[in-house]
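Coordinates in review
Given next are the chains, with one letter for each unit.
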Amino acid sequence: MPPSQGSAHPFRLLGVYAALLAVIYALVFFTGDHSPKPKLGIDLQGGTRVTLTARTPDGNEPSRESLQKAQEIIENRVNGLGVSGSEVVIDGTNLVITVPGEESQQARALATTAKLYIRPVLGATQPQTGGAAPQQPVPGAPSADPNAPGQAPATGDPNAPATGDPNAPATGDPATPAPEATTPAPQSRVFPAQAPPTPTPPPADLTPAQQQAKEIADAKALRQSTDQNMQQVAVMSMDCTKPDPLAGNDDPALPLVTCSQDGTEVFLLGPSRIDGQEIADATSGFNAQQARHEVNLEFRSTGTDAWAALTGEYVNKRVAFVLDSKVVSAPQVQQGPQLGGSTSISGSFTADSASELANTLKYGSLPLSFTTSEAETVSATLGLAALKAGLLAGAVGLLAVLLYCLFVYRMLGFLAGFSLIAAGFAVYGIIVLLGRWIGFTLDLAGIAGLIIGIGLTADSFVVFFERIKDEMREGRSFRSAVPRGWARAQRTNLSGKTVSLIASVVLYLLAAGQVKGFAFTLGVTTVLDVIVLYLVTAPLLMLAARSPFWAKPSVNGLGSVQQIARERGAGQVRPKEMSR
């Protein structure tokens, strides 16, 4: 069998690989941020990863356009928080938010749907849970300090007030509640014609998405009914301690029964009068006169007119700022109409929580409702420990492969070690570039893929060396056995690498989360293994085959194989001599 094409010019092939490394590291050091450090995942550097699963009212998969719009909005929120090194990526029908550092609460707050509507309050009462006797509806909230000019605040406390702008200042005694239109007082019995619906167990054949859609539809039917009796039933049966299936999915054109954000009050709200999209800007600040943190809102021109009309219609009544189907604030309008298009939300905010809410409202509502399906926070200390453990595992694996090759193949093991080092340089440079170009982050799963790649590369050496042994057992010299062994080994290696690459691609396409990192690095090392095999390993052995030094059995460790070949040759000669 003749030598394979391409093996006759080993120096040329080695030169090609050297040029490839030069190009890779030129891109590393002279493009982008010029940093030779790879982009690490949060499990190696510390931080928070939040996986969001989209919820649609009909239970169908969200459109690609909606996911891309949500990704853009959340990225703007990340930039607004000033968190560097964060990323938001689309993973199938999920969004994955990664925020390095210790600000885990900020990362979790980024996923807030932030569907804001301003609705009139038709009635309010305390939640009826645990069989407690129903309470009478709570009238309008008391007013705040009337001396705070230039604002129309809506406080985070549902019982907080609204003050007017400079042209319509709010007045009133903080201790005196204002009259307000409320729903009839709930009775202590169930309405005969409208009994609270009894939850029925979901059919066994419903998928999670279908079950979710059913819960949303049932919540809408009960809590967004236009029938007054059904509204009373919804108010009485509202449990503010349970997760809200309607969160972010309420119909703004219909009434809504919902809870305050702190769960202390149940509201019957009218249809939305102002959409959160009408907010032009939102900022947070500290009101020195009131000694509290506030979120200041500025409406667009159409929102300004709607706000003036709403405050003019609901003087001495309450309006609610509803965020993701929860009442953030329900202030009482002390005087109207309030002109100027500005208002503020205040209450029990901290500087951070006020900043987060302002950032959320500023960049708008997400086109989809999301639930947090996975949230992981890793401290920087644990991340550093994980990185050290991963590097140690890789070093131990590399050393074990080198020792095995040296023990079995003697000096030829050094050629295998050189090939592994050459492959390592290429892999490292490519990971740095991929982190810079496509945002690839190296995590623990990716390091596991690299370590397995070391084993796959070593497997290529073993196949090659064993084919050389097979040729020498047939009586060929080391010089002639190397090219013939390479011709036989490359077919086996290519078949094995193809299987590994297909497995990596399938795993990458079907998996989610960190498993994708494992599949990606395994695929990259598989491709580079083939390149190293052709451009480094084979040329080095071709050069070794031409050297008398490497042909010595004590150097290449093939003395026992040559002895077997001599014994076979002697066994074939003796019968011929005896036949004479």
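Bridge count between strand β9 (residues 279-287) and strand β10 (residues 292-299): eight bridges; the pairing is antiparallel. Among the inter-strand pairings, Asn287 is bridged to a residue of β10, identified as Arg292. Following β9, the chain reverses through four residues before pairing antiparallel with β10; Ala291 in that reversal takes a positive phi of roughly 55°.

Taking 1.5 Å of rise per residue, 32 residues should cover 46 Å, and helix α13 (residues 514-545) covers 44 Å from first to last C-alpha, within 8% of that figure. Within α13, 23 of the 32 residues are buried, leaving the element largely enclosed by the surrounding structure.

Moving on to the pairing of strand β4 (residues 116-125). Extensive coverage of β4 is indicated by the burial of nine of its 10 residues. As defined by bridge partners, β4 adjoins strand β8 (residues 274-275) across two bridges and the pair is classed as antiparallel. Following the sheet pairing, Ile118 is matched in β8 by Ile274.

Enumeration according to the criterion identifies 15 salt bridges in this entry. A salt bridge links Glu294 to Arg292, with the shortest nitrogen-to-oxygen separation between them at 3.0 Å. Note on Glu294: relative accessible area 2%, which makes it buried. Linking Arg476 and Glu471 is a salt bridge whose minimum nitrogen-to-oxygen distance equals 2.7 Å. Connected through salt bridges with shared partners, the residues Glu471, Glu474, Arg476 and Arg488 form a single ionic network.

Let us now look at the packing of helix α11 (residues 444-473) against α13. Two elements in contact, α11 and α13, have axes whose closest approach is 8 Å; the angle formed by their N-to-C orientations is 30°. Here α11 lies roughly parallel to α13, going by the angle between them. Crossing of α11 over α13 shows right-handed handedness. Along the lines of polarity and charge, the residues of the contact of α11 with α13 split into 14 nonpolar, 11 polar and one charged.

Spanning 13 residues, helix α7 (residues 301-313) covers 19 Å between terminal C-alpha atoms, matching the ideal 18 Å at 1.5 Å per step. Buried within α7 we find Gly303, Thr304, Trp307, Ala308, Leu310 and Thr311. One face of α7 carries all of its buried residues, which in axial projection span an arc of 165°. Facing away from the buried side of α7, by more than 90 degrees, are the exposed residues Ser301 and Asp305.

Quick look at the side chain of Thr258 now. Looking at the secondary structure, you find Thr258 in strand β6 (residues 256-259). Using a relative accessible area of 0% as the deciding quantity, one classes Thr258 as buried. Here Ser325 takes part through its backbone oxygen, which lies 2.3 Å from a polar atom of the side chain of Thr258.

Attention now moves to the environment of Trp307. Following the sequence through the fold, Trp307 ends up in helix α7. In this structure Trp307 comes out as buried when scored by relative accessible area, which is 1%. With 189 residues separating them along the chain, Trp307 and Ile118 place their C-alpha atoms 9.1 Å apart.

Attention now goes to the nonpolar core. Ranked by internal contacts, the top residues of the largest apolar core, which has 55 residues, are Ile468 and Phe478. Where this core is concerned, the elements lending two or more residues are α1 (10-30), α9 (380-409), α10 (412-437), α11, α12 (478-510) and α13. In terms of nonpolar packing, the next biggest core, distinct from the first, is built from 22 residues, Tyr314, Phe321, Ile345 and Phe349 among them.

Right, let's talk about the state of the cysteines for a bit. This model, assessed by the stated rule, comprises one disulfide. Cys240 shares a disulfide with Cys259; S-S distance 2.0 Å. Taking the sign of the S-S torsion, about -85° here, the bridge from Cys240 to Cys259 comes out left-handed. With Cys240 in the loop between α6 (228-237) and β6 and Cys259 in strand β6, this residue pair connects regions lying 19 residues apart in the sequence.

What follows deals with the environment of Leu222. By secondary structure assignment, the location of Leu222 is in helix α5 (residues 208-223). In this structure Leu222 comes out as buried when scored by relative accessible area, which is 17%. Residues Leu222 and Ser237, spaced 15 residues apart in sequence, show a C-alpha to C-alpha distance of 9.8 Å.

Time to look at the packing of aromatic side chains. All told, the structure shown has 11 aromatic pairs when counted by the stated rule. Each ring, one from Trp307 and one from Phe321, has its centre 6.1 Å from the other, and the planes form 50°; the classification is tilted. Residue Trp307 is found in helix α7, and its partner Phe321 is found in strand β11 (residues 319-323); the two are separated by 14 residues along the sequence. Each member of the pair Trp307 and Phe321 is classed as buried. Here the aromatic cluster, defined as three or more aromatic residues joined through ring pairs, consists of Tyr409, Phe464, Phe465, Trp486 and Tyr534. Positioned above the aromatic ring of Tyr314 is the side chain of Lys317, whose terminal nitrogen or guanidinium carbon lies 5.4 Å from the ring centre. Here the basic side chain of Lys516 rests over the ring of Tyr508, its NZ or CZ set 4.9 Å away from the ring centre.

Right, let's get into the confidence of the model for the protein. Across the protein, pLDDT averages 76, with 76% of residues at or above 70. Looking across the protein, the model is least confident in strand β5 (residues 153-155), with a mean pLDDT of 42, and most confident in α1, with 94. Across residues 1-6, where pLDDT falls below 50, the model places 12 contacts with residues more than four positions away in sequence or in other chains.

Moving on, we get to unusual backbone geometry. A positive phi angle, near 55°, is found at Ala291, a position not held by glycine. Following the sequence through the fold, Ala291 ends up in the loop between β9 and β10. The phi angle at Asn316 is positive, at roughly 65°, despite the residue not being glycine. Positionally, Asn316 belongs in the loop between α7 and β11.

What counts, and at which threshold
Residues numbered from 1 in each chain as written. Predicted model: local features only at pLDDT ≥ 70, side-chain atom pairs only at ≥ 80, totals over all residues. Heavy atoms only, no water. Pairing = 2+ DSSP bridges. Helix = DSSP H or I, 4+ residues; strand = E, 2+ residues; numbered from the N terminus. Expected span 1.5 Å × (residues − 1). Buried < 20%, exposed > 50% of the residue type's maximum accessible area, 1.4 Å probe, protein only. Salt bridge = Lys/Arg side-chain N within 4 Å of Asp/Glu carboxyl O. Axes fitted to C-alpha atoms, helices over the stretch in contact; angles between N-to-C directions. Parallel < 35°, antiparallel > 145°, perpendicular 65-115°, else oblique. Left-handed = near helix turned anticlockwise from the far one by under 90°. Nonpolar A, V, L, I, M, F, W, Y, C, P; charged D, E, K, R; others polar. Arc of directions from axis to C-beta. Polar contact = N/O pair within 3.5 Å; in protein donor to acceptor, adjacent residues only side chain to side chain. Core = buried A, V, L, I, M, F, W, Y, C linked by side-chain atoms within 4.5 Å. Disulfide = S-S within 2.5 Å. Phe/Tyr/Trp six-rings, centres within 6.5 Å; stacked < 30°, edge-to-face > 60°. Lys NZ or Arg CZ within 6 Å of the ring centre and 35° of its normal. pLDDT = per-residue confidence, 0-100. Contact = heavy atoms within 4.5 Å.

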